[in-house]
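Given next are the chains, with one letter for each unit.
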Amino acid sequence: IASVTVERVKVSQNWRHGRCRRETVLKWKCNLMPWMELDGQYLYLSQAENIQAYQLCPDGTGLQRHPQAIFSGHQEDVCRFVLVNSHIVSGGGDGNIVLHKIHGSYSVKFSAHEQEVNCVDFQGGLIVSGSRDRTAKVWSLSAGRVGQCLHTVQTEDRVWSIAISPLLSSFVTGTACCGHTSPLRIWDFESGQLLTCLGTDFHHGAGVLDVFYETPSLLLSCGYDTYIRYWDIRTSTRKCVREWEEPHDSALYCIRTDGNHMIASGSSYYGVVRLWDKRQTQCLQSFHLSSPTSSPVYCLRFSTTHLYAALASALHVLDFTAS
């Protein structure tokens, strides 16, 4: 388990209502590529091959220092995981997928890909996974069929991100954009066949590092080409309806919304987090969380009162209610 220390730093920048924020930082001694999820009173954070559950402090000042639970099973680092209906599904550098039930000792591990599992999603008793081995797969969690592969999609490109549609009828993959097709493609759950490609003007190498659905027809993507894109598949699959460019030409590792007008993006250098309003074209505010040492922002989780940002050696918690 990584050694963790806690720091609190006062800063004076304002957010929506002109309130200053307080920043709580959890640090560990080695550089990692963490991922996280929020669930009620807990924040789940991957650190190397484990996922640790930290309880949120009741007074809103951050996280408790020591994890309340640790979920293990991978032999190499956890790449990404999701938390759905009290289950954690994780993909790792060992090519395995691990399923944990949060309340209890139930867990399942199965070999999923020939190379690292870069991304996973889980909805409606089905898991989707994407890998460096240039495939995406659909897995069953039905009784008697747990870990059975239902479809293997040959993406012909490394898969960096994946998300299931809220309608549970399809899923989207974000790939490295090193081939001749769009890095954003939507696939049918029932058949595993390609339904549509999103966008036509991606440059070579414009890989999609994060993608997620806001609604069954609205989704957000970001990646190496420095753009956040907002897609409405009801109106067009050829062109996004809005886009925002990272002003310092940095790749964007992750995005998140507050479920309303606000978007948070995480950049590849100096832990830069930017806040955007969907109704505006320019960035509202930026936070430099790792200066002078550079680190990507690997993961963001955003609520109306807090922004959680996971960097290579620290977790930052920004409290927008502090005054």
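Here the structure is a predicted model, which is why all the values come from computation and not from measurement. (Residues numbered from 1 in each chain as written. Predicted model: local features only at pLDDT ≥ 70, side-chain atom pairs only at ≥ 80, totals over all residues. Heavy atoms only, no water.)

Caption draft 1: Seen up close, the overall build of the protein chain. If you tally the helices and strands in the protein chain, you get zero helices and 29 strands. In terms of C-alpha radius of gyration, the protein chain reaches 19 Å, essentially the compact-globule figure of 20 Å for 323 residues. Seen through its principal axes, the protein chain has C-alpha atoms that stretch 55 × 45 × 30 Å. Here the protein chain holds 323 residues, and the buried ones make up 55% of them. In the protein chain, of all internal contacts separated by at least 6 residues, the share reaching a separation of at least 24 is 44%. By element, 46% of the accessible surface of the protein chain is carried by carbon and sulfur atoms, the whole surface being about 14000 Å². In the protein chain, which carries 28 positive and 29 negative side-chain charges, the distance between the mean positions of the two groups comes to 5 Å. (Helix = DSSP H or I, 4+ residues; strand = E, 2+ residues; numbered from the N terminus. Rg over C-alpha atoms; globule rule 2.2 N^0.38 Å. Buried < 20%, exposed > 50% of the residue type's maximum accessible area, 1.4 Å probe, protein only. Contact = heavy atoms within 4.5 Å. Areas by Shrake-Rupley, 256 points an atom, 1.4 Å probe, with all protein chains shown as cover. Lys, Arg positive; Asp, Glu negative; His and termini not counted. Charge placed at Lys NZ, Arg CZ, Asp CG, Glu CD.)

Caption draft 2: Fine view of the pattern of salt bridges. The final tally for this structure, using the stated rule, is eight salt bridges. The partner of Arg301 in a salt bridge is Glu37, with the nearest N and O atoms 3.0 Å apart. Placement of the pair is Arg301 in strand S27 (residues 299-302) and Glu37 in strand S3 (residues 36-39), with a sequence separation of 264 residues. Taken individually, Arg301 and Glu37 each receive the classification buried, so the pair is uniform in this respect. Between Glu243 and Arg229 there is a salt bridge, with its nearest N and O atoms 3.8 Å apart. Here Glu243, found in strand S22 (residues 242-245), pairs with Arg229, found in strand S21 (residues 227-232); they are 14 residues apart in sequence, far enough to count as distant. Its relative accessible area of 36% is what places Glu243 among the partly exposed residues. (Salt bridge = Lys/Arg side-chain N within 4 Å of Asp/Glu carboxyl O.)

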